[in-house]
Amino acid sequence: MGQYERLVMMAEDELTQYSTEARKMEKLRQKIGLSVTAAEQKTVKEALLAELPTGGLGKLVEEQRQAIALPLWGIAGLGLLFGISMTQPLDLLIAAPAIILAFRVQKWGWKLQAKRLLLKTLEDIEERLRNPEA
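Notes on the structure follow. (Residues numbered from 1 in each chain as written. Predicted model: local features only at pLDDT ≥ 70, side-chain atom pairs only at ≥ 80, totals over all residues. Heavy atoms only, no water.)

**Details of the packing of helix α1 (residues 3–15) against helix α3 (residues 38–51)**
The geometry of α1 relative to α3 is characterised by a closest axis approach of 10 Å and an angle of 75° between their N-to-C directions. By the angle between their directions, the pair α1 and α3 is classed as roughly perpendicular. For the pair α1 and α3, the contacting residues are Q3, Y4 and L7 in the first and E40, V44, A47, L48 and E51 in the second. Residues that form the contact of α1 with α3 fall into these classes: five nonpolar, one polar and two charged. (Axes fitted to C-alpha atoms, helices over the stretch in contact; angles between N-to-C directions. Helix = DSSP H or I, 4+ residues; strand = E, 2+ residues; numbered from the N terminus. Parallel < 35°, antiparallel > 145°, perpendicular 65-115°, else oblique. Contact = heavy atoms within 4.5 Å. Nonpolar A, V, L, I, M, F, W, Y, C, P; charged D, E, K, R; others polar.)

**Focus: the pattern of salt bridges**
As a working rule, side chains carrying opposite charge can pair if their charged atoms are close by. A full pass over the atoms with the stated rule returns 13 salt bridges. Residue E21 is joined to K120 by a salt bridge in which the shortest nitrogen-to-oxygen separation is 2.9 Å. With E21 in helix α2 (residues 21–35) and K120 in helix α5 (residues 89–130), the pair connects residues that are 99 residues apart, well separated along the chain. Across the pair R29 and E26 runs a salt bridge, and its minimum N-O distance is 2.2 Å. (Salt bridge = Lys/Arg side-chain N within 4 Å of Asp/Glu carboxyl O.)

**Let's talk about the packing of α1 against α5**
Where α1 contacts α5, the two axes come as close as 8 Å, and the packing angle between them is 100°. As summarised for this structure, α1 and α5 are arranged roughly perpendicular, according to the angle between their axes. Where α1 abuts α5, its residues Y4, L7, V8, A11, E12, E14 and L15 lie against W110, K111, Q113, A114, K115, L117 and L118. The residue inventory of the contact of α1 with α5, partitioned by class, reads nine nonpolar, one polar and four charged.

**Focus on the side chain of R116**
Its place among the elements puts R116 in helix α5. A distance of 3.2 Å separates a polar atom in the side chain of R116 from the backbone oxygen of P53. Every residue in contact with R116, bar those within four places of it in the chain, is listed here: L52, P53, K59 and E62. (Polar contact = N/O pair within 3.5 Å; in protein donor to acceptor, adjacent residues only side chain to side chain.)

Keep in mind these numbers describe shape, not what the thing actually does.
This is the structure in structure tokens:
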């Protein structure tokens, strides 16, 4: 596992904590400072800048992943409900892709959110190195 994947996993771990974004960045900054060299930080930052979406659907999923997945979860739930209660197997077939799609949207948004947190943290580290009294 490369540094990039390891840092993204660290950012995902920080997302699971109930705290402010500033606190998450502070904890992540400490972990990065202990385990990643400045050159590796720069390469990871460049990779993140190239990979993260700047607009369109990717940006929307990053910011509103739960709101986008909610209708899919609703379709899945209704499909299961009607498929089981009315014994209509076609409704069960509709529920399966909706569940898969909702899960993938949630997962994609989670990854994008973690990568954005990592990018903000790396930019903050870089800023503090340039301007130490801030």
